[in-house]
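What follows is the residue order along each chain.
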Amino acid sequence: MRAARARYALAVTSDAVPTGLAPSLYACFEREDWAARAPRIPMPLTADEIARVRSLGDRLDLREVAEVYLPLSRLLSIHAAAARSLGDRANAFLQRAEPPTPFVVGIAGSVAAGKSTVARVLTELVRRWPGLPSVELVSTDGFLLPNAELERRGIMHRKGFPESYDRRALLEFVSDLKAGAPEVRAPVYSHLVYDRVPDQERIIRRPDMVIVEGLNVLQPSSRADERAVSDLFDFSIYVHADPDDLERWYIERWLTLRDTAFADPSSYFHRYAGLTDAQAVERARELWRGINLPNLRENILPTQHRARLIIDKRADHAARRMLLRKL
């Protein structure tokens, strides 16, 4: 199988900065310069803890966390503290006693870009700030329409596209968070069965921060009279990589899943467990080019300019540079 992965690897050497951005709006930090922003912050995570938050196929080790995500967690803490201070001062001026609302961070990016790993490691780092703030991580997968409904609408083949989500429910969820509701509920999704889990939900009770991770979370509204989830984010991150690298990572992950999760008889993808290397690569490539790449080009990549910060990844999955929109 190792030989098959090497045979089907897509060699990419592009060093281009993400396109479609206005360079004057962003401060660009090469990795070494970014790491120097937080040289004396102690590492709060162990190698075992990092391994637990790392998604299949992602590169994440102590050095990557120290140089990329520890400084980013510090930046998030600065923004969150500033937002709370502004809220307190505004309440004092208005002579109101409103409780603080969660600081909401949106993280977007393609399938296989590693956004779930980014979301999980930031969640763990932020939880270790002074004062032990409470942080909740929510994936928009739970807001995908049930498979039965996708089949009824004839869009099962477009799962992950904007129209496959219960966008109203997702908007209400984030709106309730920002409105300071004492309790909000989110649906639960199972990657094993590739569907929502009926009658299960997560209950979230006024945390200090909520990280919302998903493919299309930075999309604007399609209607002038309607809000978008992205309008409610206090900070937003886009995980960028070259599409050819994304395809290679997706195929490599698919080969690993074929030998692991797909082997479970209860897996939605169990029918692929017996594929040969060549068959698995071909099927993964069909899925990538037929579903994930069009979604990336049409819906996900065009939203990167809406992010406050862009993590630009190299071909080896490691972060290469950070682009931070100027205030």
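Computed from a predicted model, the values in this text were never measured in an experiment. (Residues numbered from 1 in each chain as written. Predicted model: local features only at pLDDT ≥ 70, side-chain atom pairs only at ≥ 80, totals over all residues. Heavy atoms only, no water.)

Visitor: Report on the pattern of salt bridges, specifying residues and quantitative values.
Guide: Applying the stated criterion to the full structure yields 30 salt bridges. A salt bridge links Lys178 to Asp234, with the shortest nitrogen-to-oxygen separation between them at 2.8 Å. Taken together, the positions of Lys178 in helix α7 (residues 167-178) and Asp234 in the loop between β6 (209-213) and β7 (235-240) put the pair 56 residues apart, joining distant regions of the chain. Owing to a relative accessible area of 22%, Lys178 belongs among the partly exposed residues under this scheme. Note that Arg283 and Glu286 form a salt bridge whose closest N and O atoms lie 3.1 Å from each other. You can see Arg283 and its partner Glu286 sitting in helix α9 (residues 277-300), three residues apart, about one turn around the helix. What emerges from the salt-bridge pattern is a single network uniting Glu30, Asp312, Arg320 and Arg321. (Salt bridge = Lys/Arg side-chain N within 4 Å of Asp/Glu carboxyl O. Helix = DSSP H or I, 4+ residues; strand = E, 2+ residues; numbered from the N terminus. Buried < 20%, exposed > 50% of the residue type's maximum accessible area, 1.4 Å probe, protein only.)

Visitor: Mind laying out unusual backbone geometry, listing which residues take part and the relevant values?
Guide: Not every positive phi belongs to a glycine, and Asp199 is a case in point at roughly 60°. You can see Asp199 is positioned in strand β5 (residues 195-204). Overall, the relative accessible area of 83% leaves Asp199 in the exposed class. At Arg206, a position not held by glycine, the phi torsion is positive, near 40°. Along the polypeptide, Arg206 turns up in the loop between β5 and β6.

Visitor: Lay out helix α4 (residues 62-94) in plain terms, naming residues and giving numbers.
Guide: When the terminal C-alpha atoms of α4 are compared, their 46 Å separation across 33 residues agrees well with the 48 Å that a helix rising 1.5 Å per residue should span. In the structure, α4 departs most strongly from a straight axis at Tyr69, where the bend amounts to approximately 35° and where the proline Pro71 lies between one and four residues downstream. Taken from the residues just after α4, Gln95 is the one with a positive phi, measuring 55°. (Expected span 1.5 Å × (residues − 1). Bend = angle between axes of the 7 residues up to and from the residue.)

Visitor: Could you give an account of the sheet that holds β7, with specific residues and numbers?
Guide: Reading across from one edge, β1-β9-β8-β7-β2-β6-β3 is the order of the seven strands in this open sheet, with mixed pairing throughout. With one partner strand each, in any of the chains shown, β1 (26-30) and β3 (135-139) form the two edges of the open sheet. Ignoring strand direction, the axes of neighbouring strands in this sheet form an average angle of 20°. Here β7 pairs with strand β8 (residues 309-313) via four bridges, running parallel. Bridge pairing in β8 links Val239 to Ile311. (Pairing = 2+ DSSP bridges. Axes fitted to C-alpha atoms, helices over the stretch in contact; angles between N-to-C directions.)

Visitor: Go over the packing of α4 against helix α5 (residues 115-126) with me, naming the residues and quoting the values.
Guide: With their axes 10 Å apart at the nearest point, α4 and α5 run at an angle of 65° to one another. Taken as a pair, α4 and α5 cross one another with a handedness that is right-handed. Contacts from Val65, Tyr69, Leu70, Leu72, Ser73 and Leu76 of α4 reach α5 at Val118, Val121, Leu122, Leu125 and Val126. Its residues placed into classes, the contact of α4 with α5 shows 10 nonpolar, one polar and no charged. (Left-handed = near helix turned anticlockwise from the far one by under 90°. Contact = heavy atoms within 4.5 Å. Nonpolar A, V, L, I, M, F, W, Y, C, P; charged D, E, K, R; others polar.)

Visitor: Residue-level account of empty space enclosed by the protein, with values.
Guide: Per the counting criterion, the structure on display carries two cavities of 30 Å³ or more. For the second largest cavity, the calculated volume is near 30 Å³. As for the second largest cavity, its lining consists of Asp58, Arg59, Leu60, Tyr69, Gly114, Thr117, Val118 and Lys313. (1 Å grid on protein atoms, 1.4 Å probe; cavity = no way out; pocket = protein on both sides within 12 Å on 5 of 7 lines; lining within 4 Å. Points joined across faces, edges and corners; volume = space filled by probe spheres on them.)

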